[in-house]
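# Understanding the architecture of this molecule
These are the residues of each chain, in order.
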Amino acid sequence: QVQLVESGGGLVQSGGSLRLSCAASGFTFSTYAMGWYRQAPGKGRELVAMITSTGGYRNYGDSVKGRFAISRDNAKNTVYLQMNSLKPEDTGVYYCSGWYRERYWGQGTQVTVSS
């Protein structure tokens, strides 16, 4: 059974930091590219960051470049998102996703940044 379980969300003040984690199981994690997406209230889901299966390439949405960092530990089947200098517009539900032969999604974790 495929599972992607996000954790680490919460309420933080503007300028603060959070670290999200996504624990994967049920598929060969090391062969999948992984990414973080977010969905703000009333808006569509957008890509925040992605990382290739080996970690050799990373890409970020324009709004988070220089503030967020994605990483992965293939030995632990986990992908991380370090979020620094958070802004109120970063508020939303953050989803972990993996893709290769199929696309998998986690259930999401809420991040709320207060001004």
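Preceding this paragraph is the structure being described.
Here is what the cut-offs are and how they apply
Residues numbered from 1 in each chain as written. Predicted model: local features only at pLDDT ≥ 70, side-chain atom pairs only at ≥ 80, totals over all residues. Heavy atoms only, no water. Pairing = 2+ DSSP bridges. Helix = DSSP H or I, 4+ residues; strand = E, 2+ residues; numbered from the N terminus. Axes fitted to C-alpha atoms, helices over the stretch in contact; angles between N-to-C directions. Phe/Tyr/Trp six-rings, centres within 6.5 Å; stacked < 30°, edge-to-face > 60°. Lys NZ or Arg CZ within 6 Å of the ring centre and 35° of its normal. Buried < 20%, exposed > 50% of the residue type's maximum accessible area, 1.4 Å probe, protein only. Contact = heavy atoms within 4.5 Å. Disulfide = S-S within 2.5 Å. Salt bridge = Lys/Arg side-chain N within 4 Å of Asp/Glu carboxyl O.

### Regarding the pairing of strand β5 (residues 45–51)
Here six bridges tie strand β4 (residues 33–39) to β5, and the two strands are oriented antiparallel to one another. In the sheet register, Gly-35 faces β5, and the bridge partner there is Met-50. Adjacent in sequence and paired antiparallel, β4 and β5 are bridged by five residues, among which Gly-42 carries a positive phi angle near 75°. Connecting β5 to the antiparallel partner strand β6 (residues 58–60) that follows it, the hairpin turn spans six residues, and Gly-55 within it adopts a positive phi of roughly 85°.

### Overview of the sheet that holds strand β1 (residues 3–7)
Note on sheets: strands pair through backbone hydrogen bonds, and any given pair is parallel or antiparallel. Sheet architecture is open: four strands sit in the order β1-β3-β8-β7, paired in antiparallel fashion. Of all strands in the sheet, those with a lone pairing partner are β1 and β7 (68–73), marking the two edges. Taking each pair of neighbouring strands and ignoring which way they run, the sheet shows an average axis angle of 15°. Here six bridges tie β7 to strand β8 (residues 78–83), and the two strands are oriented antiparallel to one another. The partner of Ile-70 across the bridge, within β8, is Leu-81.

### Side note on the packing of aromatic side chains
Inspection of the entire model under this criterion finds seven aromatic pairs. An aromatic cluster of at least three residues, connected via ring pairs, comprises Phe-27, Phe-29, Tyr-32, Tyr-100 and Tyr-104. We note Arg-45 situated over the ring of Tyr-95; from NZ or CZ to the ring centre the distance is 3.8 Å. Positioned above the aromatic ring of Trp-105 is the side chain of Arg-45, whose terminal nitrogen or guanidinium carbon lies 4.6 Å from the ring centre.

### With respect to the side chain of Ser-21
Topologically, Ser-21 is positioned in strand β3 (residues 18–25). On the basis of relative accessible area, Ser-21 is assigned to the buried category, the value being 18%. With residues near it in sequence (within four places) discarded, Ser-21 still touches Val-5, Glu-6, Ser-7, Trp-36, Thr-78, Val-79 and Tyr-80.

### Regarding the state of the cysteines
Evaluation of the coordinates by the stated rule reveals one disulfide. Between the sulfur atoms of Cys-22 and its disulfide mate Cys-96 the distance is 2.1 Å. Because the sign of the S-S torsion sets the handedness, a value of about -80° for the bond joining Cys-22 and Cys-96 places this disulfide among the left-handed ones. Residue Cys-22 is found in strand β3, and its partner Cys-96 is found in strand β9 (residues 92–99); the two are separated by 74 residues along the sequence. You'll find Cys-22 and Cys-96 in the same group, each marked buried.

### Things to note about the pattern of salt bridges
Note on pairing: side chains with opposite charge can pair once their charged atoms come close. On inspection of all chains with the given rule, the structure shows four salt bridges. The partner of Lys-65 in a salt bridge is Asp-62, with the nearest N and O atoms 3.1 Å apart. Close ionic contact of Asp-90 with Arg-67 constitutes a salt bridge, the shortest N to O distance being 2.8 Å. One end of the pair, Asp-90, is in the loop between β8 and β9; the other, Arg-67, is in the loop between β6 and β7, with 23 residues separating them in the sequence. The class of Asp-90 is buried, set by a relative accessible area of 0%. For Arg-67, a relative accessible area of 11% corresponds to the buried category. One connected set of salt bridges, linked through shared partners, spans Arg-38, Glu-46, Arg-67 and Asp-90.

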